[in-house]
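Tertiary structure, described
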Amino acid sequence: MDIITGWITNIIVLILLATVLELLLPNSNMQRYVKMVIGLMLMAVILSPILTIFTKDFDAMLRTVTLTDSTLNANMENQIESKKSEIQASNAAYIEEQMAVQMKSQVEKELRDQFNLEITSVSLQLKNLDGEKDIDQIAVTVNEAGAEKSVQEVDAVSVSIDIQEEEVEETDTLSRKVAYFLADEWELYPKQVGVQVKGGE
């Protein structure tokens, strides 16, 4: 802004000087030469901003322009990469969620009919094979069908060690049976399916 005000001030001062000189000089041939010189000076003052551009170092100006462009490009690339990774992460989470819902609905009825169990949660662990997602491990938590979700207060119970071991063995056997059933339904290997039975019989 200071450059523009200085430039306008110079033009106004030169016009005032030309007017004063024209009034002071008598009518003669000299007046024509003075008008021509003042006109040339006025043109030089008007064109001075354009002349200053030509006197500056173009290499330095170009370097600053290219440096700012390269930093802007680098920042833009970083932002694009971060947005891309966010989109990929949300997309992967959505795919896992949809796969879990579809897998759960696929076996829900038969699991209830054969084992009287229902799936409470399905957790997938995926791996990349040739750019495509493939199931590596599945953790399934099942609960007795129709069991209440709320936690109820339980009285203290004393149980012998033999009975506890039998219950653990029954739960493990049931877990294995359910794992084999789910693996068969989902066309996976049984070692890929982990089943945890909660609230057994």
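None of the values given here were measured: they were computed from a predicted structure.

Here we come to the overall build of the chain. Across its full length, the chain carries five helices and three strands. Mapped in sequence order, the helices and strands of the chain form the string α-α-α-α-β-β-α-β. The proportion of buried residues among the 201 residues of the chain is 18%.

Attention now moves to the confidence of the model for the chain. The pLDDT averaged across the chain works out to 76; a share of 75% of its residues lies at or above 70. Across residues 158-168 the pLDDT falls below 50, and counting only partners more than four positions away or on other chains, this stretch makes one contact in the model.

Our next topic: a nonpolar patch on the surface. Taken together, the side chains of Met30, Tyr33, Met36, Val37, Leu40, Met41 and Met43 make up a nonpolar region of the molecular surface, amounting to roughly 740 Å² of accessible area. Relative to the helices and strands, methionine 43 resides in helix H2 (residues 29-46).

Here we take up the nonpolar core. By size, the foremost hydrophobic cluster in this structure holds 24 residues, and its most contacted members are Ile138, Val140, Leu182 and Val195. At the level of elements, helix H4 (58-115), strand E1 (117-129), strand E2 (132-144), helix H5 (161-186) and strand E3 (193-198) are the ones that each hand at least two residues to this core. The element that contributes the greatest number of residues to this core is H5, accounting for six residues. Ignoring anything within four residues of it in the chain, the contact list for valine 140 reads Ile119, Ser121, Leu182, Trp186, Val193, Gly194, Val195 and Gln196.

Now for the pattern of salt bridges. Applying the stated criterion to the full structure yields three salt bridges. Here aspartate 113 and lysine 109 are joined by a salt bridge, their closest N and O atoms 3.2 Å apart. Taken together, the residues span about one helical turn, with aspartate 113 and lysine 109 both in helix H4 at a distance of four residues. Like lysine 109, aspartate 113 is exposed. Between arginine 112 and glutamate 118 there is a salt bridge, with the nearest N and O atoms lying 3.0 Å from each other. What makes glutamate 118 buried here is its relative accessible area of 16%.

Let's shift gears to the packing of aromatic side chains. Tallied over the entire structure, the rule returns one aromatic pair. Consider the rings of phenylalanine 115 and phenylalanine 181, whose centres lie 5.6 Å apart with planes at 65°: the pair is edge-to-face. With phenylalanine 115 in helix H4 and phenylalanine 181 in helix H5, this pair connects stretches of sequence that are 66 residues apart. By relative accessible area, which is 9% here, phenylalanine 181 ends up buried.

Assignment of secondary structure puts serine 175 in helix H5. Dropping the residues within four chain positions of it, serine 175 is found in contact with Val195 and Val197.

The rules behind these values
Residues numbered from 1 in each chain as written. Predicted model: local features only at pLDDT ≥ 70, side-chain atom pairs only at ≥ 80, totals over all residues. Heavy atoms only, no water. Helix = DSSP H or I, 4+ residues; strand = E, 2+ residues; numbered from the N terminus. Buried < 20%, exposed > 50% of the residue type's maximum accessible area, 1.4 Å probe, protein only. pLDDT = per-residue confidence, 0-100. Contact = heavy atoms within 4.5 Å. Patch = residues over 30% accessible without salt bridge, like charges linked within 9 Å, V, L, I, M, F, W, Y side chains within 5 Å. Areas by Shrake-Rupley, 256 points an atom, 1.4 Å probe, with all protein chains shown as cover. Salt bridge = Lys/Arg side-chain N within 4 Å of Asp/Glu carboxyl O. Core = buried A, V, L, I, M, F, W, Y, C linked by side-chain atoms within 4.5 Å. Phe/Tyr/Trp six-rings, centres within 6.5 Å; stacked < 30°, edge-to-face > 60°.

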